[in-house]
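A look at the structure
Okay, here's what each chain looks like letter by letter:
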Amino acid sequence: MSFTQPNLLFPPTVLSVGGLTQYIQTLLEQDEELMQVWVTGEVSSASQHRSGLFFTLQDPDERVALRCIVWASQLEKLSILPVPGEQVILLGRIRVYPQRGEYQLMVWQALPAGEGLMALRYRQLRDRLEAEGLFDPARKRLLPPHPQTIAVVTSPQAAAWGDIQRTLSHRYPGLRVLLSPALVQGDQAPDSIVAAIERVQKDGRAEVLILSRGGGATEDMACFNHERVVRAIAECSIPVIAGIGHQRDESLADLVADVHVHTPTAAAQLAVPDLAELYTEHCQRLNHLITAGQTRLALAQNQLQHQSRRLKRLPLERQLVQEGRAIAHLKQQLIQTVNQQLQQRLTHQQLLAQKLQSLDPRAILQRGYAIARRQNGQILRTIAALQEGDDLTLQLSDGQVKVQVREIMAAGTGHEAESEQMEL
Amino acid sequence: MKRNQSKWSYEATVAEIEAIITQIEAGELNLEEVFERFNTAVNHLQQCETFLQERRQQMTLLIEKLGEEPEF
């Protein structure tokens, strides 16, 4: 302090403007509270100059205004830029400008107030979790196509639970549903939701988990942006369907879940197949099988018929008849030929028989010829070597005669000899 | 048709049926194989039928509440 405080026990000292202003300046600028102060209000006007951003902060409840300045060098360090109409929270210090007799707030940090603040926190958390890869599409798991047991994390009093039950019982009656109750709004909601998810995991039977609540005010949905909830979903051992009713942005729970939809009903529809549809597909499949089987069978039958027809068309009858005739013909030929041969042989044989008959010595003998034999049985054919007195035997047709040669005459010399020989 | 104890899967059975249908349609099986596999597929379909019918006959969901009752 470069000057002494005025003494109020004494008659007032009249100050100069400079003196007063200096006093005010010291008062304001040296006050501990005002050297670093947070203030909230609504930005009512702003103008940008080369040196910095000048704007006015209004009190929304009272007609009070505060002039503010952000130096150009500081502008880029602000989390948000003050924009007319927006509620902000500013950090700065009070400066006094003696020349203008004004005091201003020199701002070096600005944050969004109210909804804006929540939005900022949301943004920061979202960026951090995204950087960790929690929202990565590659992390998303496929839902089991046909679960027999599913878990639902929601409030039993919420309309969401009713919707889910209705949808599930229509689609898949007989499904086992594990309800793990949780608070879905308020300060205790995040812990409650995390505990509910853990309960489902410990039970171990569920194949998929639905996290759901109906629509509501933004503040009420805050639990679904809570870091613990997001991590619990990310680390859940079974796929998670987020069916959180929203009007605007997706919550972080939506982003980290394996699938997210906009209503509890939609979540239930994703979780289980429609039994009626499955049954229709089943019947179609049966028909398909039967058709395929029948088609294949018909094909085989057609082939068979085709071959049968081809077989029938073959001129077998005709061929058989032809063959029959041919054989009959051959048979006839055979018989004819054989008969002919037989006939020939017979004729020949008859001829031979006749010939034989005519050659029969007995017939010759009967005609009057005789066979002359010597004593030794040898048949006489010539007169040579014959002598008179030789004994001969004459064989006639009805007996034999022993004779003696009386005379030998050569052929042609005496008709009598021949006739003698012949007449006996 | 009884399901055997080792987790009968509707999906797996359906997949087998589809495979058999495709094989029959392709026309490369001999007739004896066609009959054989057709029979197998019919058995599978019977299992599926039983499974689905059992479900449809349930009128409601089997709902279980996990954990102790928290105060709401």
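Predicted, not measured: the structure shown is a model, and the values here were computed from it.

With that out of the way, let us pick up the overall build of chain B. Scanning chain B from terminus to terminus reveals two helices and one strand. Taken as a whole, chain B presents about 5000 Å² of accessible surface, with 48% of it coming from carbon and sulfur.

Moving on to the sheet that holds strand β13 (residues 399–404) of chain A. Residues and elements named next belong to chain A. The strand order across the open sheet formed by three strands is β11-β12-β13, and the pairing between neighbours is antiparallel. In this open sheet, the two edge strands, each paired with only one partner strand, are β11 (371–373) and β13. Across this sheet, the average inter-strand angle for adjacent strands is 25 degrees, counted without regard to direction.

Here the idea is simple: oppositely charged side chains can pair when their charged atoms come close. All names here are of chain A. Applying the stated rule across the entire model yields 15 salt bridges over all chains. We note a salt bridge from Arg-205 to Asp-203, for which the minimum N-O separation is 3.0 Å. When its relative accessible area of 34% is taken as the criterion, Arg-205 is described as partly exposed. Classification of Asp-203 by relative accessible area gives partly exposed; the value is 27%. The closest approach of N and O atoms between Arg-231 and Glu-227, which form a salt bridge, is 3.1 Å. Placement of both Arg-231 and Glu-227 in helix α7 (residues 227–234) is noted, with a separation of four residues, approximately one turn of the helix. Classification of Arg-231 by relative accessible area gives partly exposed; the value is 22%.

Right, let's talk about the pairing of strand β8 (residues 208–213) of chain A for a bit. All names here are of chain A. Counting buried positions over the six residues of β8 gives six, a clear majority of the element. The side-chain alternation of β8 yields two buried faces, one formed by Val-208, Ile-210 and Ser-212 and the other by Leu-209, Leu-211 and Arg-213. Here strand β6 (residues 149–154) runs beside β8; their pairing, made up of four bridges, is parallel. Across the sheet, Ala-151 pairs through a bridge with Leu-209, a residue of β8. Pairing of β8 with strand β9 (residues 240–244) involves five bridges; the strand directions are parallel.

Here the focus is helix α5 (residues 159–171) of chain A. The end-to-end C-alpha distance of α5 of chain A is 19 Å, a good match for the 18 Å that 13 residues give at a rise of 1.5 Å each. Those residues of α5 of chain A that sit buried are Ala-160, Trp-161, Ile-164, Thr-167, Leu-168 and Arg-171 of chain A. For α5 of chain A, the angular spread of the buried residues around the axis is 135 degrees, confining them to a single face. In α5 of chain A, the exposed positions angled more than 90 degrees off the buried face are occupied by Ala-159 and His-170 of chain A. Contacts made by the buried residues of α5 of chain A are with β6, β7 (176–181), β8, α9 (264–271) and α10 (275–313) of chain A together with β1 (62–65) of chain B.

Here we take up the packing of helix α1 (residues 10–26) of chain B against helix α2 (residues 31–57) of chain B. All names here are of chain B. Running from N to C, α1 and α2 point in directions that differ by 150 degrees, and their axes come no closer than 9 Å. With respect to their mutual orientation, α1 and α2 come out roughly antiparallel. The two elements α1 and α2 meet at a crossing, and its hand is left-handed. Two secondary-structure elements touch here, α1 through Tyr-10, Thr-13, Val-14, Glu-16, Ile-17, Ile-20, Gln-23 and Ile-24 and α2 through Val-34, Arg-37, Phe-38, Thr-40, Ala-41, His-44, Leu-45, Gln-47, Cys-48, Phe-51 and Leu-52.

Let us look at the sheet that holds strand β2 (residues 52–58) of chain A. Residue and element names in this part refer to chain A. Taken in spatial order, the five strands of this closed barrel run β1-β2-β3-β5-β4, and their pairing is mixed. Going across the sheet, the axis of each strand differs from the next one's by a mean of 55 degrees, ignoring polarity. In terms of strand pairing, strand β4 (residues 87–97) meets strand β5 (residues 102–112) through ten bridges, oriented antiparallel. Counterpart to Arg-93 in the pairing with β5 is Met-106. Along the sheet, helix α1 (residues 17–30) contacts β4 and β5; its crossing angle with β4, the most-contacted strand, is approximately 145 degrees.

The rules behind the values
Along each chain, the written sequence defines residue order, and numbers are assigned to residues from 1. Going through the entries in the order they are written, you letter the chains from A and number the ligands from 1. For a predicted model such as this one, the threshold for reporting local features is a pLDDT of at least 70, and the threshold for listing and counting side-chain atom pairs is 80 or more; totals across whole chains, interfaces and linings nevertheless cover every residue. Calculation of side-chain values draws on the structure's entire complement of heavy atoms; hydrogens and water are dropped beforehand. To qualify as a helix, a DSSP run of H or I must reach at least 4 residues; to qualify as a strand, a run of E must reach at least 2; elements of each kind are numbered from the N terminus. Here the accessible surface of atoms and residues is derived via Shrake-Rupley with a 1.4 Å probe, and residues count as covered only by protein chains that are part of the display. A strand pair is defined by DSSP finding two or more bridges across the two strands. Fitted lines through C-alpha atoms give the axes, limited to the stretch in contact for helices. The angle between two N-to-C directions lies from 0 to 180 degrees. Any carboxyl oxygen of Asp or Glu within 4 Å of a side-chain nitrogen of Lys or Arg constitutes a salt bridge here. Three labels apply to residues, based on accessible area from a 1.4 Å probe with only protein chains included: buried if under 20% of the type maximum, exposed if over 50%, partly exposed otherwise in between. Helices are assigned an expected span. That span is 1.5 Å times one less than the residue count. This arc is built from the directions going out from the helix axis to the C-beta atoms. We call two residues in contact whenever any of their non-hydrogen atoms come within 4.5 Å of each other. Should an angle fall under 35 degrees it is taken as roughly parallel, and over 145 as roughly antiparallel, whereas 65 to 115 is taken as roughly perpendicular and any remaining angle as oblique. Crossing handedness follows the turn of the near helix against the far one: under a right angle anticlockwise gives a left-handed crossing, and clockwise gives a right-handed one.

Limitation: the analysis is restricted to geometry and does not speak to function.
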